[in-house]
Every structure is written in C-alpha cells, then in structure tokens.
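Here is what each chain is made of, one letter per residue.
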Amino acid sequence: MGKNRIPEGSGNSIISLDPCLQSLVDCGKMTLDDGVNAQTKMNKKERKKLLSKHDYNIWQQKSGYWCTWIHDNTKPEKRRMIRKKEKRDLEDIIIESIKESEAEFTVRDIFEEYVNRKLENGGIVISTHNRYTQCFERHFGATGWDKRQVKDITMEEWSDWLEDQAGKCKLSSKGFSNLKTITGGIIRRARKKKLLDYNFHSILEDIDVRPVTIIKDPGSQVFSQKDLQTLLKYLIEHPDLHNLCLLFMLLSGTRVGEMVTLAYEDFVSDTCAIVLHTERRYKKDGVTHHVVAELPKTVAGIRQVYIPEEYSWIIKELRKMRPFAHYVCTNEKGERMT
C-alpha cells in the first residue's frame, strides 16, 4: 500500500490523502494520524456540502430500505427512484449523481437557462433576449469562457476576467453595464442550482474598472437653428406622407419607434397626441421582426406630445392620404411602416 493510501475504520475503506496533506506528512510537518484526521474532516465536510444540494427527500420504507429520487434525463419525468439497504450506500449514489450533473454545466448552459427563463416569465422581451445573446457571444463565446465548467470558476477569476474584458474591448459605461447584467444573471442562476457558494456582489467589490468615456462633438448630435429651419422648409415644400411624419416628429419630439406606432385614435386633437406604444425589433430564425410593444421602455415614455397650432394642418393632410388607416405611418398597401 502506498504512502497516501491510509486504512480507515475497520480497514474495509481507505482514504486518499490530499496532495497538500501528503506533502506535509512526507516532510515531517504533520504526523500520519494528523493527516488522516484532517483528510477525514475534509471528506465529511465535502460530503455534507454535496448532500445539501440534493433536491428530494430521503425516506425509509417499512422493509427497512432507504429511498429517494435522483435526476435522470433518460426518463420521461427526468428522475428515477433508487433504494438501498444502507443509508450511506444511498448517499454515495446521490453524491455521485450530483458530481456528474455539476460536471456537465458550462457557462453557456447556465446563460441559456437564465435568459430563456427570463423570457418565459416576462422578465425580458425577445429584443432584450437578442441583445443579451449578442453580448454573451462577444465576450464569452469569443474568449472560450462559454465552454468553462461553472463550478470550477473562482471569484478571483470572474473579477480578473471582467476587468480584462472592460480593458481589451474598451467598454463604455453602458457596455460594461450590459456585461455585468448577464454575468450577474449567470452567477445568480448557478448559485440557485448550488453550483457556486458566492454571490455576484462579492465579485463586484474587488473590480477596478474605468469605463471608456466616448466624447462626441455636440454639434453633430443636435440640430442647430439653421439646420432646423432648413429641414422645416424642405419638409413643408415636399409634403408626402414620409415627410409629414418627419415634420410631426421634428416639431413634437416624438421618437421614431413611437411615431411608427402612433394611431389616429391616440390623438386628443390635431395638435396633441398621447404616446402609449413603441416599436420593438428582434431577430428569430434569421428573420427580423418588428412588433408594437404595449408600453414604451419606461413609464416616463407615456406622455402627451404637442405641435404648434399653426401646424395643425399636418394631421389633417395625413388623414386625407390614408382615410381608413389605423396607424398614421401606413404605406400604400395599408401596412404599418417600420
């Protein structure tokens, strides 16, 4: 029997010393008995930790056999019953089953479970699901982290990786916020599955990141008075449906996603409308879809918008162009513009 194969109890079972403990025994810094005792305590602690992850009750039948359920994806109910005469033998099977299941969960597995659950329970919409997926592929898929086993990743590794991504990808505050959102979702989901025993807040405490500040020329972001007058003049002189819709947006401050979902029934008068909807865009099976969302992105998005009284003719002209349309922005086929 080798040095690290130590009899335990009656001699029917053996303990394999942890390499660190074995080295301490070999160099004389720890006695053999102390090494065995330390290893026994470690094994008991690990055993207790794994058993705490078991999702089902353990019960004893009248016959004396111990029973429980374990996960089994080959069964219709995704579980199967096991029974053993000795409770410890039953626990050994439970522990082995948990170890096998934990070894199968990659970062990608947990991410997909996280975003799909959020989509199913209404926590996010499909356009947000697409955005999270794009962010995941950019940072996790491109770096190979999507293939890593979740249970093997330490807090320090998460912290270093997030800092590296922020620096290498030159992330802005918004970009880093998106990465933190999906990373936090992955870790919280993994914690619920008892794959991790630390939380995302603990990781954030040790992160030192300075997001990149993107400076844009203010003149390129807004219209000047000269720009405004030029646009107004052109749109008024060329009053087709597109230009009248653009004119209404320019005067009222309505966003494009709000304008294309604005219905005639949303108008209180020819100069005032209530914004209740917006457009959301998402891709599914390679096809881009445009849908009318029931509510804007935020509660503040629900508001009244106005145009000056001298421009009240805009809505009247639009009604003449599409007298039977539901939406203001409608093409010649009667379809809502996107």
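The following refers to the structure shown.

Rules used throughout
Residues numbered from 1 in each chain as written. Predicted model: local features only at pLDDT ≥ 70, side-chain atom pairs only at ≥ 80, totals over all residues. Heavy atoms only, no water. Helix = DSSP H or I, 4+ residues; strand = E, 2+ residues; numbered from the N terminus. Buried < 20%, exposed > 50% of the residue type's maximum accessible area, 1.4 Å probe, protein only. Contact = heavy atoms within 4.5 Å. Areas by Shrake-Rupley, 256 points an atom, 1.4 Å probe, with all protein chains shown as cover. Phe/Tyr/Trp six-rings, centres within 6.5 Å; stacked < 30°, edge-to-face > 60°. Pairing = 2+ DSSP bridges. Axes fitted to C-alpha atoms, helices over the stretch in contact; angles between N-to-C directions. Parallel < 35°, antiparallel > 145°, perpendicular 65-115°, else oblique. Left-handed = near helix turned anticlockwise from the far one by under 90°. Nonpolar A, V, L, I, M, F, W, Y, C, P; charged D, E, K, R; others polar. Salt bridge = Lys/Arg side-chain N within 4 Å of Asp/Glu carboxyl O.

**Brief notes about the overall build of the chain**
Along its length, the chain carries 13 helices and 10 strands. Per-residue burial for the chain yields a buried fraction of 35% across its 338 residues. Of all intrachain contacts in the chain linking residues separated by at least 6 positions in sequence, the fraction that spans at least 24 positions is 52%. By element, 50% of the accessible surface of the chain is carried by carbon and sulfur atoms, the whole surface being about 21600 Å².

**A short note on the packing of aromatic side chains**
For any pair of aromatic rings, geometry is given as the distance between the ring centres together with the angle between the planes. By the definition in use, this model includes eight aromatic pairs. When the ring of Phe 140 is compared with that of Trp 161, the centres are 4.4 Å apart and the planes differ by 40°; the resulting orientation is tilted. Here the residue Phe 140 occupies a position in helix H5 (residues 126-141), and Trp 161 occupies one in helix H6 (residues 155-168), the gap between them amounting to 21 residues. According to the relative accessible area criterion, Trp 161 is buried, its value standing at 6%. On the basis of an interplanar angle of 80° and a centroid distance of 6.4 Å, the ring pair of Trp 158 and Trp 161 is categorised as edge-to-face. Separated by three residues within a single helix, Trp 158 and Trp 161 lie in helix H6, roughly one turn from each other. Look at Trp 158 and you get buried, because its relative accessible area is 0%.

**Re the sheet that holds strand E5 (residues 79-84)**
With antiparallel pairing, the three strands of this open sheet are ordered in space as E3-E4-E5. Sheet topology places strand E3 (59-60) and E5 at the edges, where each strand pairs with a single neighbour. With two bridges connecting them, E3 and strand E4 (residues 66-71) associate as antiparallel partners. Residue Trp 59 lies in a different strand from E4, and its bridge partner there is Cys 67.

**A closer look at the pairing of strand E7 (residues 272-275)**
Pairing analysis gives two bridges linking strand E6 (residues 267-269) to E7, with the strands arranged antiparallel. Following the sheet pairing, Ser 269 is matched in E7 by Cys 272.

**Notes on the environment of His 326**
When you line up the elements, His 326 lands in the segment after helix H13 (313-321). Along the backbone, His 326 and Tyr 264 are 62 residues apart, and their C-alpha atoms lie at a distance of 6.2 Å. If near-sequence neighbours (up to four positions away) are discounted, His 326 is found in contact with Ala 263, Tyr 264 and Glu 265.

**Some words on the packing of helix H11 (residues 241-252) against H13**
The N-to-C vectors of H11 and H13 enclose an angle of 150°; their axes lie 10 Å apart at closest approach. Relative to H13, the element H11 is oriented roughly antiparallel. Where H11 crosses over H13, the two elements pack in a sense that is left-handed. Of the residues in H13, those in contact with Leu 241, Leu 244, Cys 245, Leu 247, Phe 248 and Leu 251 of H11 are Trp 313, Ile 314, Ile 315, Glu 317, Leu 318 and Met 321. Residue composition of the contact of H11 with H13, grouped by class: 11 nonpolar, no polar and one charged.

**A short note on unusual backbone geometry**
Positive phi is not limited to glycine here, since Lys 170 has a value of about 50°. Here Lys 170 lies in the loop between H6 and helix H7 (173-192). Residue classification places Lys 170 among the exposed positions, given a relative accessible area of 61%. Phi angles above zero are rare outside glycine, and Lys 194 is one such case at about 65°. Residue placement: Lys 194 occurs in the loop between H7 and helix H8 (200-205).

**Some points on the pattern of salt bridges**
This structure, assessed with the given rule, holds 15 salt bridges. Across the pair Glu 91 and Arg 47 runs a salt bridge whose closest N-O atoms are separated by 3.4 Å. In this pair, Glu 91 sits in helix H3 (residues 87-104) while Arg 47 sits in helix H2 (residues 32-51), placing the two residues 44 residues apart along the sequence. The same class applies to Glu 91 and to Arg 47, which are both buried. Ionic contacts of the salt-bridge type, sharing partners, join the residues Arg 108, Glu 137, Asp 146 and Lys 147 into one network.

**Quick notes on the sheet that holds E7**
An order of E6-E7-E10 is seen for the three strands of this open sheet, with the pairing classed as antiparallel. Both edges of this open sheet fall to E6 and strand E10 (303-306), since each of them pairs with a single strand only. Adjacent strand axes in the sheet meet at a mean angle of 25°, parallel and antiparallel pairs treated alike. Bridge count for E7 against E10 is four bridges, and the pairing is antiparallel. Bridging from a neighbouring strand, Val 275 pairs with Arg 303 of E10.

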